[in-house]
Amino acid sequence: KAEKARLRKGVALLVGTPGRVADHAEATSAWQLRECCHLVLDEADRLLDLGFQRSIDTILDALDRARRVDETVHGASPLDPQPERPASAATPRQTVLLSATLNKGLRELAGKSLKDYATLQLSHTGETEFTPPPSAAGSEGVGLSAATSHAFATAAASAAAAKATQAANLDAIAETGATAAGD
């Protein structure tokens, strides 16, 4: 009940599990979904592995339906700003999928939820591969800034170092266990 009251008043940022957000998307009619400008699904691959596909589909459908209703009521696309409409309603939604892996399920989710998207892949060595969105085809200078590329490379190198340390620790534990068992 308190959650619904907060959603009725409006929220700048909502963080929740896919199931809970999907419940509110369907049942909280006062929640103005058409004003949602950003949707971020962190650990998108894990969300799918944990069985949240239906909830994610419900959220995406509710967001798209709210935009279509807004378009019908106002007689124009939500991408065409009109003075009597809130700026957020005139802004296309940005959807971000964050994932450590790119499997079949995630590709399908990307196909449903992303339009004209860019991809950024990081290797375990810290190398980045940026693929610009289709709308940027033929454009020069589209890509990651040097600072952004460096930040991603640093993050990938840190992750690789942490993984190597974890592997070394597991090896040390295994050796200790083998010695103790052999005594």
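Refer to the preceding data block for the structure.
Every chain is numbered independently, its residues counted from 1 as its sequence is written. For a predicted model such as this one, the threshold for reporting local features is a pLDDT of at least 70, and the threshold for listing and counting side-chain atom pairs is 80 or more; totals across whole chains, interfaces and linings nevertheless cover every residue. Values reported for side chains reflect all heavy atoms of the structure, with hydrogen atoms and water molecules removed beforehand.

Novice: Quick question: what am I supposed to make of the overall build of the chain here?
Specialist: Counting from the N terminus, the helices are DSSP H or I runs at least four residues long and the strands are E runs at least two residues long. Scanning the chain for helices and strands turns up seven helices and four strands. Moving toward the C terminus, one meets the helices and strands of the chain in the order α-α-β-α-α-α-β-α-β-β-α. In the chain, which comprises 183 residues, the share counted as buried stands at 25%. By definition in these notes, contact holds between two residues if any of their heavy atoms fall within 4.5 Å. Long-range contacts, defined here as pairs at least 24 residues apart, represent 52% of the contacts in the chain between residues at least 6 apart. Computed by Shrake-Rupley with a 1.4 Å probe, the accessible areas treat only the displayed protein chains as cover when residues are assessed. Carbon and sulfur atoms make up 56% of the accessible area of the chain, which amounts to about 12,300 Å² in all. A 1.4 Å probe rolled over the protein chains alone gives each residue an accessible area, and that area as a share of the maximum for its type sets the label: buried under 20%, exposed over 50%, partly exposed in between.

Novice: Where do I start with the side chain of T58 in this structure?
Specialist: Residue placement: T58 occurs in helix α4 (residues 53-74). Beyond its immediate stretch of four places on either side in the chain, T58 contacts A22 and E26.

Novice: How should I be thinking about the packing of helix α1 (residues 2-9) against helix α2 (residues 18-27) in this particular structure?
Specialist: The angle between the axes and the distance between the axes are what describe a pair of packed helices. The angle between two axes is taken between their N-to-C directions and runs from 0 to 180 degrees, where each axis is a line fitted to C-alpha atoms and a helix contributes only its stretch in contact. At a minimum axis separation of 12 Å, α1 and α2 run at an interaxial angle of 65 degrees. Judged by the sense of rotation from one axis to the other, the crossing of α1 with α2 is right-handed. Contact residues: α1 offers E3, K4 and L7, while α2 offers R20, H24 and A27. When residue character is reported, Ala, Val, Leu, Ile, Met, Phe, Trp, Tyr, Cys and Pro are called nonpolar, Asp, Glu, Lys and Arg charged, and the others, Gly included, polar. Across the contact of α1 with α2, the residue classes tally to two nonpolar, one polar and three charged. In a left-handed crossing the near helix is turned counterclockwise from the far helix by less than a right angle, and in a right-handed crossing that turn is clockwise.

Novice: Help me understand the nonpolar core, please; the structure alone is not making it clear to me.
Specialist: Looking at soluble globular proteins, one finds that nonpolar side chains tend to be buried together. In terms of nonpolar packing, the biggest core is built from 22 residues, with L33, L41, I56, L97 and L109 touching the most fellow members. Secondary structure elements with two or more residues in this core: α2, β1 (38-41), α3 (44-49), α4 and α6 (104-113). In terms of residue count, the dominant contributor to this core is α4 (six residues). If we skip the residues at most four places from it in the chain, L41 touches L47, I56, V96, L97, L98 and L109. Among buried residues, the Ala, Val, Leu, Ile, Met, Phe, Trp, Tyr and Cys ones that are joined through side-chain atoms within 4.5 Å form a nonpolar core.

Novice: Which parts of the structure should I look at to understand the environment of Q94?
Specialist: With respect to the helices, strands and loops of the structure, Q94 is situated in strand β2 (residues 94-97). Not counting chain neighbours up to four residues away, the residues in contact with Q94 comprise C37, H38 and L39.

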